[in-house]
Amino acid sequence: MYVVMGATGRTGHRIVHHLLQAGERVLALGRSESRLAPLAAAGAQVRAGEQTDPAFLAEAFRGATAAYTLLPYELSAPGYDAQQDRQGEAIVEALRRSGLREVVALSSLGADLAQGTGPIMSMRRQEQRLRAWADEDAGRNALALRAGAFMENFYGSLEVIKAFGFNGDAFDADYPLPMIAARDIADAAAGALLRRDWRGLSVRELLGERDLSYAQATRILGERIGLPELAYVRLEGGDALDALVQGGFAPDLAAQYVELAHTISAGRVRSLEGRNAGNTTATSFEAFAEELAQAYRAM
Ligand SMILES: NC(=O)c1ccc[n+]([C@@H]2O[C@H](COP(=O)([O-])OP(=O)(O)OC[C@H]3O[C@@H](n4cnc5c(N)ncnc54)[C@H](OP(=O)(O)O)[C@@H]3O)[C@@H](O)[C@H]2O)c1
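Residues numbered from 1 in each chain as written. Predicted model: local features only at pLDDT ≥ 70, side-chain atom pairs only at ≥ 80, totals over all residues. Heavy atoms only, no water.

Novice: Please set out the site of the ligand residue by residue, giving values where relevant.
Specialist: Surveying the vicinity of the ligand reveals 24 residues, the closest of which are Thr8, Arg10, Thr11, Arg31 and Leu71. At 2.8 Å, a side-chain N or O of arginine 35 approaches an oxygen atom of the ligand. For the ligand, whose unbound accessible area comes to 930 Å², protein coverage reaches 86%. The set of elements that each furnish at least two residues to the shell around the ligand consists of helix 1 (10–21), strand 5 (102–108) and strand 7 (149–150). Element by element, the count of residues in the shell around the ligand is highest for strand 5, at three residues. Of the residues in the shell around the ligand, the class split is nine nonpolar, eleven polar and four charged. (Near = heavy atom within 4 Å. Polar contact = N/O pair within 3.5 Å; in protein donor to acceptor, adjacent residues only side chain to side chain. Areas by Shrake-Rupley, 256 points an atom, 1.4 Å probe, with all protein chains shown as cover. Helix = DSSP H or I, 4+ residues; strand = E, 2+ residues; numbered from the N terminus. Nonpolar A, V, L, I, M, F, W, Y, C, P; charged D, E, K, R; others polar.)

Structure, rendered in structure tokens:
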């Protein structure tokens, strides 16, 4: 049995389907029976409960072969750091209580840095918790998948483009960064869960198909939505914060996001592995932009 957290989410639901297709039994976790129903119909066992409750997670993990874990959050909920720590601590507490020994944990590029990475700092702290857990017992193994920036983040750009006719964000226009589709993370995570070919706390990067700047990605998106001249404008300081809060971010998370954008734009978030065949994934931004364009047309 494999346990998948965030099973109704972008990476989780695809991992569930991969494991089912491989003939494995899957326990899909979420907070709502109704949102989990399609996964039950596909053949997964489902269980709804509070993901930050260690007792709920321990019960789910007990006797399982391996689990996929992540630190989900609501964009608009204040108190990002405290919520992330509550979630991360619950996962590790549940690992200890349940005796589960194999985990694939979604993390982020930049989790190696000790400061300046805003929302990624919580994933760094979770890697540290998992390392402490793995170090306690030679049979415990956790794989942290350090993903690049999700291409899905551009769904948030569509409202901006619709309203203002340009794309604006806090990132430098021309700094190329790894951008990855969530489906490629799911494919890598599912493969890792099935193979379990790592020991102790290990880290692997997932860098997408290639590095792209915000200006390049905006140009590709513009071509797909019939706005070939679509411009990207870097929003500075208060403008970036205001735009994010208007876009639904809680103020504390907006400030962290701007901090991260500055650190990335200054070139401080880097791949430690270097791009290679193993961490380069299939989905191009051109292909992903077709889906963004469909969503844009439906707005
Ligand atoms: N965005 C990026 O660029 C980036 C880069 C690197 C890493 N990441 C990591 O990727 C994670 C997101 O992964 P994903 O895209 O697979 O997840 P997702 O689509 O955001 O879904 C996560 C699922 O978790 C469940 N959930 C449980 N507790 C939740 C809570 N308190 N708030 C919100 N959802 C909750 C939700 O399902 P129910 O509502 O059905 O319970 C949701 O479907 C982020 O949390 C971040 O840690 C993101």
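Picking up where we left off.
Novice: So, the environment of tyrosine 68: which residues are in play, and what are the values?
Specialist: With respect to the helices and strands, the residue tyrosine 68 is situated in strand 4 (residues 66–69). C-alpha of tyrosine 68 to C-alpha of phenylalanine 150: the two residues are 82 residues apart in sequence and 18 Å apart in space. Discounting residues that sit within four places of it in the chain, tyrosine 68 has contacts with Val3, Val4, Met5, Thr11, Gly12, Ile15, Val104, Leu106, Ala189 and Leu193. (Contact = heavy atoms within 4.5 Å.)

Novice: Please provide a residue-by-residue account of the packing of helix 8 (residues 214–224) against helix 11 (residues 285–297), values included.
Specialist: Relative placement of two packed helices is described by the angle separating their axes and the distance separating the axes. At a minimum axis distance of 8 Å, the contact between helix 8 and helix 11 shows a crossing angle of 55°. With respect to their mutual orientation, helix 8 and helix 11 come out oblique. Crossing angle aside, the handedness with which helix 8 passes helix 11 is right-handed. Touching Ala217, Ile220, Leu221 and Arg224 of helix 8 are Phe285, Glu286, Ala289, Glu290, Leu292, Ala293 and Arg297, all from helix 11. Of the residues in the contact of helix 8 with helix 11, the class split is seven nonpolar, no polar and four charged. (Axes fitted to C-alpha atoms, helices over the stretch in contact; angles between N-to-C directions. Parallel < 35°, antiparallel > 145°, perpendicular 65-115°, else oblique. Left-handed = near helix turned anticlockwise from the far one by under 90°.)

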